[in-house]
Amino acid sequence: MDTKMMKAFWFSRHTPTEAQVQELESLGYELIVNDASYQLGNIELTNDDTVAAVLIGILSVCDLVGAKVCAGVFPVPIAQAAMRTADEAIAAGDYLPGTITLMAAWNVNRAAEGGRPTFEHKRFCRVGILHFNALR
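I will try to describe carefully the structure that is included in this document. A quick note: this is a predicted structure, and the numbers were derived from the prediction, not measured.

This brings us to the packing of aromatic side chains. One pass over the full model with this rule turns up two aromatic pairs. Taking the centre distance of 6.4 Å and the plane angle of 90° together, the rings of W10 and F124 count as edge-to-face. With W10 in strand β1 (residues 6–11) and F124 in strand β5 (residues 120–130), this residue pair connects regions lying 114 residues apart in the sequence. Ring geometry for F11 against F74: centres 5.7 Å apart, planes inclined by 5°, an arrangement best described as stacked. Here F74 lies in the loop between β3 (67–72) and α4 (76–92) and F11 lies in strand β1, a separation of 63 residues in the sequence. The same class applies to F11 and to F74, which are both buried. Its end group placed over the ring of W106, K122 keeps NZ or CZ at 5.2 Å from the ring centre.

Next comes the structure, spelled out in structure tokens:
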């Protein structure tokens, strides 16, 4: 039996907490955190071009590291692309091969506005899928 863990790519401007890492491990994922995790997570999404660049970055890094999941904190335009991908899969009547599952961190006890971010990780929620078709 193959005991090799599946891979999940981290996307956020913040470092994953120990609870987040442990939960992903309990789900069978090795969390890949690298420079791209933070570089992509720090890009301010101000227009469709920056959104497309981040989506291409997420999909490309996932492909490069062999991740089938992208875990982290997703801005609304990334969630919109995930919905567009789901809509396309439904319209095609099939699951699109090569999709990346998005698992968003559900965090509670956020800091006051302007304060240092503090939170407790509650759990990851499967919120959608991404595919290069979402860029159209």
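Still to come is the rest of the account.
Secondary-structure assignment places D48 in helix α3 (residues 48–65). When the C-alpha positions of D48 and P77 are compared, they lie 8.6 Å apart, and in sequence the two are 29 residues distant.

Strand direction decides the pairing type here: β1 and strand β2 (residues 29–32), joined by four bridges, are parallel. Across the sheet, residue M6 finds its bridge partner in β2, namely Y29. Considered for its hand, the β-α-β crossover made up of β1, helix α1 (residues 18–26) and β2 is right-handed.

Now for the nonpolar core. Looking at soluble globular proteins, one finds that nonpolar side chains tend to be buried together. Residues F9, F11, I58, C70 and L130 are the most contacted members of the largest nonpolar core, which totals 23 residues. Contributions of two or more residues to this core are made by β1, α2 (35–41), α3, β3, α4 and β4 (100–108). The element contributing the most residues to this core is α3, with eight residues. Once residues lying within four places of it in the same chain are set aside, the contact partners of F9 are L31, I32, N34, A36, S37, L40, V61, C62, A67, V69, C70 and A71.

Across a sheet, strands are paired by hydrogen bonds formed along the backbone, either parallel or antiparallel in direction. Spatial ordering of the open sheet is given by β2-β1-β3-β4-β5, a layout of five strands whose pairing is mixed. Looking along the sheet, the strands with just one partner apiece sit at the ends: β2 and β5. Taken over all neighbouring pairs, the strand axes of this sheet differ in orientation by 30° on average, direction set aside. Looking at chain direction, β4 and β5 are connected through nine bridges and run antiparallel. For N107, the partnering residue across the bridge sits in β5 and is H121.

How each quantity is defined
- Here the residue numbers are simple positions, counted from 1 along each chain's written sequence.
- In keeping with the model being predicted, local features are shown solely for residues with a pLDDT of at least 70 and side-chain atom pairs are shown and tallied solely at 80 or more, while totals for entire chains, interfaces and linings include all residues.
- With hydrogens and water set aside, each side-chain value is computed from the structure's full complement of heavy atoms.
- Think of it this way: a Phe, Tyr or Trp ring, Trp meaning its six-membered ring, pairs with another when their centres are within 6.5 Å, and the plane angle makes it stacked under 30 degrees, edge-to-face over 60, tilted otherwise.
- What counts as a helix is a DSSP run of H or I of at least four residues, what counts as a strand is a run of E of at least two, and both are numbered from the N terminus.
- The cut-offs for exposure are 20% and 50% of the maximum accessible area for each residue type, with area from a 1.4 Å probe on protein chains only; residues under the lower value are buried, those over the upper are exposed, and the others partly exposed.
- Comment: the charge-over-ring label is applied if NZ (Lys) or CZ (Arg) is within 6 Å of the ring centre and within 35 degrees of the ring normal.
- Two strands qualify as a pair provided DSSP detects at least 2 bridges between them.
- The handedness of a crossover follows from its direction of travel: if, with the strands pointing away from the viewer, the path from the first strand over the helix to the second runs clockwise, the crossover is right-handed.
- Nonpolar cores are built from buried Ala, Val, Leu, Ile, Met, Phe, Trp, Tyr and Cys residues. Side-chain atoms within 4.5 Å join them into one set.
- Contact definition: two residues touch when any of their heavy atoms are within 4.5 Å.
- Every axis in this analysis is a line fitted to C-alpha atoms, fitted for helices over the stretch in contact. Angles between the N-to-C directions lie between 0 and 180 degrees.

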